[in-house]
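Chain by chain, the residues:
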Amino acid sequence: MSGWASHLVIGPIVVPLVAAAAMLLFNDRRTWLKRALGIATTVALFAMALVLLQTVSTPAADGGPARPLVYLLGDWAAPFGIVLVADRLSVLMLMLTSILGFAAMVYALARWDRAGPRFHALFLLLLMGVNGAFLTGDIFNLFVFFEILLAASYGLVLHGSGVVRIKAGLHYVTINVATSLLFLIGVSLIYGVTGTLNMADLAARIPHVPASDLMLLEGGAAILGIAFLVKAGMWPLSFWLPTTYAAAAPPAAALFAIMSKVGIYVILRLSSLFFGQDAGAAAGFADTWLTIGGLATIAYGVIGILSAQTLTRVAGNYILISSGTLLAAIGTDSATVWAAALFYLVSSTLAVAAFYLLIEPVERGERDELAPGAPGAIFEDEYVGTFDEEEDESGIAIPATIAVLGGGFILCSLLLSGLPPLSGFIAKFAIIDGLLIFEDTIAPTTWALIALIILSGLAAMITMTRAGIDLLWTPADRPQSYLRVVEAAPIALLLALCFVLMVQAGPVMGYMEATARALGQPHLYSEAVLSAPRISQPAVAP
Amino acid sequence: MEIVLALGIGIFTASGIWLLFRPRTFQVIIGLCLLSYAVNLFILAMGRLRMDAPPIIERGVAVDPSQYADPLPQALVLTAIVISFATTALLLVVLLASRGQTGTDHVDGEEKDGEP
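Keep in mind it's a predicted model, so treat the numbers as computed, not measured.

S.K.: Give me the overall build of chain A: which residues, what numbers.
M.R.: A tally of regular secondary structure across chain A gives 19 helices and 2 strands. Classification of the 542 residues of chain A by burial places 56% in the buried group. A sequence separation of at least 24 residues applies to 80% of the contacts in chain A between residues at least 6 apart.

S.K.: Explain the overall build of chain B to me, and be specific about the residues and the numbers.
M.R.: Within chain B, the secondary structure is distributed over 3 helices and 0 strands. Going from N to C terminus, chain B has its helices and strands arranged as α-α-α. With 116 residues in all, chain B has 23% of them scored as buried. Restricting to contacts in chain B with at least 6 residues of sequence separation, those with at least 24 account for 53%.

S.K.: Quick rundown of the environment of Ile-321 of chain A? Include the residues and the values.
M.R.: All names here are of chain A. Relative to the helices and strands, Ile-321 is located in helix α12 (residues 311-331). A tally of 28 C-beta atoms within 10 Å means that Ile-321 is categorised as buried. With 227 residues separating them along the chain, Ile-321 and Leu-94 place their C-alpha atoms 23 Å apart.

S.K.: Describe the pairing of strand β2 (residues 83-86) of chain A, and please don't skip the residues or the numbers.
M.R.: Regular strands place side chains that alternate from one sheet face to the opposite one. Residues and elements named next belong to chain A. Burial of β2 is two-sided: the residues Val-83 and Val-85 facing one way and the residues Leu-84 and Ala-86 facing the other way are all buried. By the bridge criterion, 4 bridges tie strand β1 (residues 69-72) to β2 in an arrangement that is antiparallel. Within the sheet, the bridge partner assigned to Tyr-71 lies in β2 and is Leu-84.

S.K.: Account for the packing of helix α6 (residues 163-194) of chain A against helix α3 (residues 71-102) of chain B, naming residues and giving values.
M.R.: Contact geometry of α6 of chain A with α3 of chain B gives a least axis separation of 9 Å together with a crossing angle of 165 degrees. Considered as vectors, α6 of chain A and α3 of chain B are oriented roughly antiparallel to each other. In this structure, the crossing between α6 of chain A and α3 of chain B has a hand that is left-handed. Residues Val-163, Ile-166, Lys-167, Gly-169, Leu-170, Val-173, Thr-174, Val-177, Leu-184 and Ser-188 of chain A of α6 of chain A pack against Pro-73, Ala-80, Thr-87, Leu-90, Leu-91, Val-94, Ala-97, Ser-98, Gln-101 and Thr-102 of chain B of α3 of chain B. Broken down by class, the residue content of the contact of α6 of chain A with α3 of chain B amounts to 12 nonpolar, 7 polar and 1 charged.

S.K.: Tell me about the interface of chain A and chain B, and please be specific about residues and values.
M.R.: The partner chain B presents 25 residues to the 21 residues of chain A that form the contact. Counting residues per element, the ones that place at least two in the side of chain A that touches chain B are α5 (139-157) and α6 of chain A. Residue contributions to the side of chain A that touches chain B peak at 16 residues, all from α6 of chain A. A breakdown of the residues in the side of chain A that touches chain B according to their chemical character gives 15 nonpolar, 4 polar and 2 charged.

S.K.: Could you give an account of unusual backbone geometry, with specific residues and numbers?
M.R.: Trans peptide bonds make up the majority, and among non-glycine residues the majority have a negative phi. All names here are of chain A. Following Trp-235, the chain continues into Pro-236 via a peptide bond in cis, with omega recorded as 5 degrees. By the element assignment, Pro-236 lies in the loop between α8 (211-232) and α9 (240-247). Positive phi, close to 60 degrees, is recorded for Asp-75, a residue that is not glycine. Checked against the element boundaries, Asp-75 lands in the loop between β1 and β2.

S.K.: Give me the lowdown on the packing of helix α3 (residues 88-108) of chain A against helix α13 (residues 335-363) of chain A, citing residues and values where you can.
M.R.: Residues and elements named next belong to chain A. It is the contact of α3 with α13, at a shortest axis distance of 11 Å, that shows an interaxial angle of 10 degrees. The orientation of α3 relative to α13 falls into the category roughly parallel. In this structure, α3 uses Leu-92, Leu-96, Leu-100, Ala-103 and Tyr-107 to contact α13, whose residues at the interface are Leu-342, Val-346, Thr-349, Ala-353 and Leu-357. For the contact of α3 with α13, a count of residues per class yields 9 nonpolar, 1 polar and no charged.

S.K.: Tell me about the confidence of the model for chain B, residues and numbers included.
M.R.: Residue and element names in this part refer to chain B. Overall, the prediction assigns chain B a mean pLDDT of 87, with 97% of residues at 70 or greater. Of all the helices and strands in chain B, α3 carries the lowest mean pLDDT, 89, while helix α1 (residues 2-20) carries the highest, 94. Predicted as a complex, the structure gets a pTM of 0.89 and an ipTM equal to 0.92.

S.K.: Describe the confidence of the model for chain A, naming the residues involved and giving the relevant values.
M.R.: Residues and elements named next belong to chain A. Within chain A, residue pLDDT values average 83, and 88% of them lie at 70 or more. Put simply, helix α14 (residues 401-417) is where chain A has its lowest mean pLDDT, 83, and helix α4 (residues 119-135) is where it has its highest, 92. Throughout residues 385-394 the model reports pLDDT below 50, and contacts reaching past four residues in sequence, or to other chains, amount to 9 contacts.

S.K.: Let's hear about the environment of Ala-492 of chain A: which residues, and what values?
M.R.: All names here are of chain A. With respect to the helices and strands, the residue Ala-492 is situated in helix α17 (residues 485-503). What makes Ala-492 partly exposed here is the crowd of 17 C-beta atoms within 10 Å. Separated by 213 residues in sequence, Ala-492 and Ala-279 have C-alpha atoms that sit 45 Å apart.

Procedures and definitions
- Residues numbered from 1 in each chain as written.
- Chains lettered and ligands numbered in written order.
- Predicted model: local features only at pLDDT ≥ 70, side-chain atom pairs only at ≥ 80, totals over all residues.
- Helix = DSSP H or I, 4+ residues; strand = E, 2+ residues; numbered from the N terminus.
- Buried ≥ 20, exposed ≤ 12 C-beta atoms within 10 Å, placed from the backbone.
- Contact = placed C-beta atoms within 7 Å.
- Pairing = 2+ DSSP bridges.
- Axes fitted to C-alpha atoms, helices over the stretch in contact; angles between N-to-C directions.
- Parallel < 35°, antiparallel > 145°, perpendicular 65-115°, else oblique.
- Left-handed = near helix turned anticlockwise from the far one by under 90°.
- Nonpolar A, V, L, I, M, F, W, Y, C, P; charged D, E, K, R; others polar.
- pLDDT = per-residue confidence, 0-100.

Below you can see the structure in the form of structure tokens.
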């Protein structure tokens, strides 16, 4: 790639940043301008992810595996400057983010983007932070992108205001500021031991860390890991998650589904790079802890989902179950299980995002305490008014609402509980299959994981059936609920993608397997980054 | 030098954690501030302590890097200070909103019996 195409890697960061900054120039009452800009940006993000996906999955010219794309910021040579790296895993996550971003943005058109000021700008900044965290190849830069996505998410948690959101937001901000400090301690410990912050350089240097410093390095990695595990919601660091996500506005909550996966992504990326097979004395660090933590998280999520009284809590606890399954699968350190886990990650994220969007229309009229009020204007140009006064625009209601909602609810239930024929079943089946062919003798933790995966599906089924009977089946004396096309379309899009995952399971699984294989060869990643040629002068032979 | 820095980090961390577990929002914010001071000093210490050594080398002059301080942790500390400043400001706004909406400065938004 040359010319403008070589700058494509930084596009998913720069485009939302510029669009969000441009939005701040305009009056907040010009809603349609901001909406158009927001949707255009998410479409552009999707297009960029698609092109990158094409590029990174094309095999190299010499027939070897596809090499990651490396972008040297400011044309500084690799270990000295900050690098962006787009490999199969990060592009997969970019793709998932852009799809969720588009769906949530369209859904917000119905009314949620008017619940408070600056929704679209915050939304795009969150997308920028998430994309940056997926692309960066430097752990301190990762911290910066984490702070960007967290700062935007603080705004989105509070979007719509109200006592419930402010209480949840206060806890959320405090917990995340405290974990950011842990992040910094971990980063600086790793820097103190190895003298570098570049992930590829770290992967190359960790095997040569002297035994006397190994404890410090592992301590640093563990403290760093806690920061990501809080984000991913591993028990016992997860108590904030269901409450916060339940309080957030539905489109924001749907996007937060990818935020917990950012934690999972970083754990997978760093543990495969730093503590993979080639890491010498540090190899396999914390794998057992990830498995045990994952098992505890699934168990906690199962109890939570069975005792949940509202659908938002069901979704929050389902995110915990999904995080736990992924963490335990990462802890197995087997490429087959990793491939299946990546499939599960995509499927469960799409499903839970669709579910978050579906909850609000299903429960509409049932409980109103989270419905946005009409607070006084804080900013001069703020839109003030209740939502329901403006039913005219985009207010095309779908006939037979209850049938559409019920259908969507059934599909979500199938996906969340992992029943055939949808992609949730394929994902769980592939994980269990990978666990069983992994070794001759199967460890007790593996049996526990299989049992918990099946049990969590059962628990999700019980809860969803109970909620479905309560909310959709029994005739209610509340007024007939309504559903707008702009609300139904994103839900349908996400569920349709799960169908595509089911029908095209073969090719998708092939991509995941290649991704997992690439994760198992961290030296390829290191070589690609450290030998990346500068533009201004040819690469110097090492 | 080392003992002073180590004591400083220790006292900041201990006070910060104690304040973080207090039930009043303002105490929590002050606790987070103290913790971020401790972390900033810690990052600086991870670049090894050097007295009277400049972090920036002159352009075009052959130098001995061992005579210079590590500039990277200083850059990291600057970034960390800016970010923690911004998030603290944001947290203060949420604190005020919480105080205004719930009428109490308790971290859970409601008064509980037997707590200071």
